[in-house]
Amino acid sequence: MKILKLKDIRKEAIHSLYYDNRDNLISTKFKLNLFYYGIPFVASLILICLNQLLNESSITYFITGISIFAGLFFNLLIVVSDKMEKRKKLFVSNYEPTHKYAKDYKIFSERLIASISYAILLSIIIIGLMFFTQIDYTCLEEYFIKKYVESLNKISDYFFNFASYFIGFQFIILLLHILTDIYDMLIHDININEYQKEEDE
């Protein structure tokens, strides 16, 4: 059941990249897939071809940065949920612009929460993948042929470094998406005062 919930979070987060709050497609799916999957793939491939593998020092810096963002995301989840709770009374408003605003804000909040939750999930996956980049199979030389163990080491290094880069770039794209959503949320906070003034009049 928990796995299905994680799939739902990913599905909703990816959906929010493609559609706006009124379910209008932002751009063609080909362009969006190229942006979200193609660019990270090419960038990761270039880094691997240039033999730019992660080391203990760089991993420490990356994990520190990711942990900071993950902490901020947890705080954002609380803030967004709190703001949505305060806007529940707007659903019963007879004033159409206010009611419509509340409905749009609900959809926006649900998608933002999904995006933030997915970003936290990606941060956990990235940290796990970075850990695997440091695995050394040299101890297996006692049981297997040395050249096979060396090949295993190389394949493991390239695979986990590529995966770390790939998901890392997706994390950055999702981070930028969340940033624009937060901007929209702040604009909504400004606009709500105007709606309430109109309703009072």
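Residues numbered from 1 in each chain as written. Predicted model: local features only at pLDDT ≥ 70, side-chain atom pairs only at ≥ 80, totals over all residues. Heavy atoms only, no water.

1. Focus: the packing of aromatic side chains
Geometry of an aromatic ring pair is reported as the spacing of the ring centres plus the angle between the planes.
Moving on, step 1. In the structure shown here, the tally under the stated rule is six aromatic pairs.
Moving on, step 2. When the centroid spacing of 5.0 Å and the interplanar angle of 80° are considered together, the rings of Y36 and Y37 count as edge-to-face.
Moving on, step 3. Given the relative accessible area of 2%, Y36 is considered buried.
Moving on, step 4. The exposure class assigned to Y37 is partly exposed, which follows from its relative accessible area of 27%.
Moving on, step 5. Aromatic side chains F159 and F160 sit 5.1 Å apart centroid to centroid with 80° between the ring planes, which places their arrangement in the edge-to-face category.
Moving on, step 6. Note on F159: relative accessible area 52%, which makes it exposed.
Moving on, step 7. Through a chain of ring-to-ring contacts, three or more aromatic side chains come together here, namely F131, F132, F159 and F160. (Phe/Tyr/Trp six-rings, centres within 6.5 Å; stacked < 30°, edge-to-face > 60°. Buried < 20%, exposed > 50% of the residue type's maximum accessible area, 1.4 Å probe, protein only.)

2. A short note on the layout of surface pockets
Moving on, step 1. The calculated volume of the second largest pocket comes to roughly 290 Å³.
Moving on, step 2. As for the second largest pocket, its lining consists of 14 residues, and the residues nearest its centre are F62, I66, M130, G168 and I172.
Moving on, step 3. Among the elements of the structure, helix 3 (56-86), helix 4 (96-132) and helix 5 (146-200) are those that each provide at least two residues to the lining of the second largest pocket.
Moving on, step 4. A class-by-class count of the residues in the lining of the second largest pocket yields eleven nonpolar, three polar and no charged. (1 Å grid on protein atoms, 1.4 Å probe; cavity = no way out; pocket = protein on both sides within 12 Å on 5 of 7 lines; lining within 4 Å. Points joined across faces, edges and corners; volume = space filled by probe spheres on them. Helix = DSSP H or I, 4+ residues; strand = E, 2+ residues; numbered from the N terminus. Nonpolar A, V, L, I, M, F, W, Y, C, P; charged D, E, K, R; others polar.)

3. Topic: the pattern of salt bridges
Opposite charge on two side chains permits pairing when their charged atoms draw close.
Moving on, step 1. For the structure shown, the criterion picks out one salt bridge.
Moving on, step 2. Here R111 makes a salt bridge to E12, at a shortest N to O gap of 3.5 Å. Here R111 is found in helix 4, whereas its partner E12 is found in helix 1 (residues 2-18), with 99 residues between them in sequence. (Salt bridge = Lys/Arg side-chain N within 4 Å of Asp/Glu carboxyl O.)

4. Comments concerning the environment of E12
Moving on, step 1. Residue E12 is classed as partly exposed on the basis of its relative accessible area of 29%.
Moving on, step 2. Once the C-alpha coordinates of E12 and A114 are considered, the two residues, 102 residues apart in sequence, prove to be 6.0 Å apart.
Moving on, step 3. Discounting chain neighbours no more than four positions away, the residues touching E12 are R111 and A114.
Moving on, step 4. Reaching out from E12, the side chain makes a polar contact with the side chain of R111 at a distance of 3.5 Å. (Contact = heavy atoms within 4.5 Å. Polar contact = N/O pair within 3.5 Å; in protein donor to acceptor, adjacent residues only side chain to side chain.)

5. With respect to helix 2 (residues 29-49)
Moving on, step 1. With 21 residues, helix 2 should cover 30 Å at 1.5 Å per step; its first-to-last C-alpha distance of 29 Å lies within 8% of that length.
Moving on, step 2. Of all the bends in helix 2, the greatest measures close to 35° and is centred on F35.
Moving on, step 3. N51 sits one or two residues past helix 2 and shows a positive phi near 60°. (Expected span 1.5 Å × (residues − 1). Bend = angle between axes of the 7 residues up to and from the residue.)

6. Let's talk about the confidence of the model for the chain
Moving on, step 1. Averaged over all residues, the pLDDT of the chain equals 78, while 78% of them reach at least 70.
Moving on, step 2. Per-residue pLDDT, averaged within each element of the chain, yields its smallest value for helix 1 (78) and its largest for helix 2 (89). (pLDDT = per-residue confidence, 0-100.)

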